[in-house]
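Take a look at the letters that make up each chain.
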Amino acid sequence: PAAAAPSGGKKVIANLFEWTWPSVASECTSTLGPKGYGYVQVSPPQEHVRGNQWWVAYQPVSYRIESRKGTRAQFRSMVDTCHAAGVKVIVDAVVNHMSGQDNGGTGWAGSSYGHYNYPGIYSAQDFHYCGRNGGNDIANYNDRFEVQNCELVNLADLKTGSDYVRNRLAAYLNDLLSLGVDGFRMDASKHMPAADIAAIKNRLSRPAYIVQEVIYGAGEPIQPSEYTGNGDVHEFRYGKDLARVFRSERLAYLRNFGEGWGHLPSGVASVFVDNHDTQRDVGGVLTYRDRGVYALANAFMLGWPYGSPTVMSSYTFTNRDAGPPSDANNKTRATTCYSGWECEHRWPVIANMVGFRNATEGTGVSNWYDNGNNHIAFSRTGRGYLTLNDEDYAITGRSYYTGLPAGRYCDVIHGTFSNGTCSGPVITVDGNGWFSATVPAKDGIAIHVGARL
Ligand code: AAO
């Protein structure tokens, strides 16, 4: 399904949520490329309704590439810059609906529109009107018809079953492909039948990576597994389960994390510790607010061979609707990390574990060890070794069997490897594949063949 994934396996995605195009471009060059990220996922680029909230981007008004994130020229230049840095670009594609404004208005780039009228693009006949719940809104997720024919929070629901709408949506996506885009996150996929997404995908001018947003809901009739024929699907259970394990259960339970937990098949699962919705609306996931534990959870995700991982990059917020820090509106200046922008993708543990992921791609897990509680360790056969200690105490002086070639390895949890040197502790693996070390409380050690001295 993921026909356009780069050879040698799927690469790590950084989700630069709400970053402007010039900011994304400079981050590709300075950080994403050098750290080995394979993709950047960017916020919806089409013209949207006006407002300061982040979610205005999810209310399309036209398909002009003209938005708070930047102009078409800036978008194109960003794609080119990221490609030059070895980073592919995934666009958050809002194709299920248009705006949710009852009285219409003027879009970001000046296009006027009505709730069910987008001049030159869509008119009244192109939308669903389900006539339920005192209007057209979805109320009952246990009703398939309603979820796919009513409106998600008042957003004018496109008739994705019609040829006209399919062609128009494909034209938008093909325009993005012509600008060099490599893939799409299909927003609100649950609200479109899988066959409609397939029909749009079939109209694309070339293969593209597809990942669909279908939030798993226990007992709901529409299941994530229905969509795997089109490409990858976000596995929302992953972040929820991982948070529960770190917060109130035992890391030892992770030994079969993924399919063994009823999650989607690894080859089609898109996973993350949190995303822009879960960090706001669904209690219980780990986020940047959890600092060190969040870094450890991401280290596990990147170290564990299940699914295709996305690293979330957020901005600090207290109000769920609040847009990003002010420099998002300044399209000429780079986003400033650590001043309102959390930049989790730059946190040393997370960024260095991207290198671990790349160095261990395609290998399985062996030499699993756990203490029955919150200390775990495993090899990525012949390529790397990760141990995490989520106990409240240090594990001192234990020996670990890695099966790795003898040598001196950079501990990439505590140091960065570059130009043959390690800025942190060096782990020595002996001729039999063992090393001894102390793992502090709430900490870890990671070594891999790509960071060997
Ligand atoms: C804004 C205003 C609205 C206003 C609207 C129109 O907030 O008041 O009516 O404008 O003017 C984003 C924002 C919205 C914003 C919207 C448009 O989040 O606040 O509305 O832009 O600007 C469902 C969908 C899923 C969707 C999610 C938010 O299935 O596709 O709702 N996510 C995407 C984007 C999201 C975006 C949109 C879609 C729209 O990622 O950012 O909205 O483009 C259950 C169901 C899920 C359902 C959730 C929430 O999930 O299973 O399908 O998601 O409920 O309704 C546990 C359960 C799980 C449950 C979950 C959450 O995990 O296991 O079943 O909790 O409760």
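Structure: see above.
Residues numbered from 1 in each chain as written. Predicted model: local features only at pLDDT ≥ 70, side-chain atom pairs only at ≥ 80, totals over all residues. Heavy atoms only, no water.

This part covers the nonpolar core. Ranked by internal contacts, the top residues of the largest apolar core, which has 116 residues, are Phe75 and Phe184. A per-element tally of this core places helix H8 (residues 291-303) first, with eight residues. Each of two domains, domain 1 (13-360) and domain 2 (365-451), supplies a minimum of three residues to this core. When residues no more than four places from it in sequence are discounted, the contact partners of Phe75 are Trp21, Val42, Pro45, Ile65, Val91, Leu176, Leu179 and Val181. The next biggest cluster of nonpolar side chains, apart from the first, holds 13 residues, and it includes Leu404, Tyr409, Ile427 and Ile447. (Core = buried A, V, L, I, M, F, W, Y, C linked by side-chain atoms within 4.5 Å. Buried < 20%, exposed > 50% of the residue type's maximum accessible area, 1.4 Å probe, protein only. Helix = DSSP H or I, 4+ residues; strand = E, 2+ residues; numbered from the N terminus. Domains from an automatic or database assignment. Contact = heavy atoms within 4.5 Å.)

Glancing now at the site of the ligand. For the ligand, the set of nearby residues contains 26 residues, the closest of which are Lys190, His191, Glu213, Glu220 and Asp277. Within the side chain of His191, one N or O atom sits 2.6 Å away from an oxygen atom of the ligand. The side chain of Glu220 places a nitrogen or oxygen atom 2.6 Å from an oxygen atom of the ligand. Here the residues of the shell around the ligand are counted per class, giving eleven nonpolar, seven polar and eight charged. (Near = heavy atom within 4 Å. Polar contact = N/O pair within 3.5 Å; in protein donor to acceptor, adjacent residues only side chain to side chain. Nonpolar A, V, L, I, M, F, W, Y, C, P; charged D, E, K, R; others polar.)

Take unusual backbone geometry next. Not every positive phi belongs to a glycine, and Arg291 is a case in point at roughly 40 degrees. You can see Arg291 is positioned in helix H8. Residue Cys343 is not a glycine yet carries a positive backbone phi of 55 degrees. Residue position: Cys343 is located in the loop between strand S10 (308-313) and helix H9 (348-360). By relative accessible area, which is 0% here, Cys343 ends up buried.

The subject of this paragraph is H9. In this model H9 runs 18 Å from its N-terminal to its C-terminal C-alpha over 13 residues, within 8% of the 18 Å that 1.5 Å per residue would give. When you tally the buried positions in H9, you get ten out of 13 residues, the bulk of the element. Among the residues of H9, those classed as buried are Val349, Ile350, Ala351, Asn352, Met353, Val354, Phe356, Arg357, Ala359 and Thr360. Contacts made by the buried residues of H9 are with helix H1 (21-35), H8, S10, strand S12 (375-380), strand S13 (384-389) and strand S20 (443-448). In the stretch just after H9, Gly362 is the one whose phi turns positive, near 90 degrees. (Expected span 1.5 Å × (residues − 1).)

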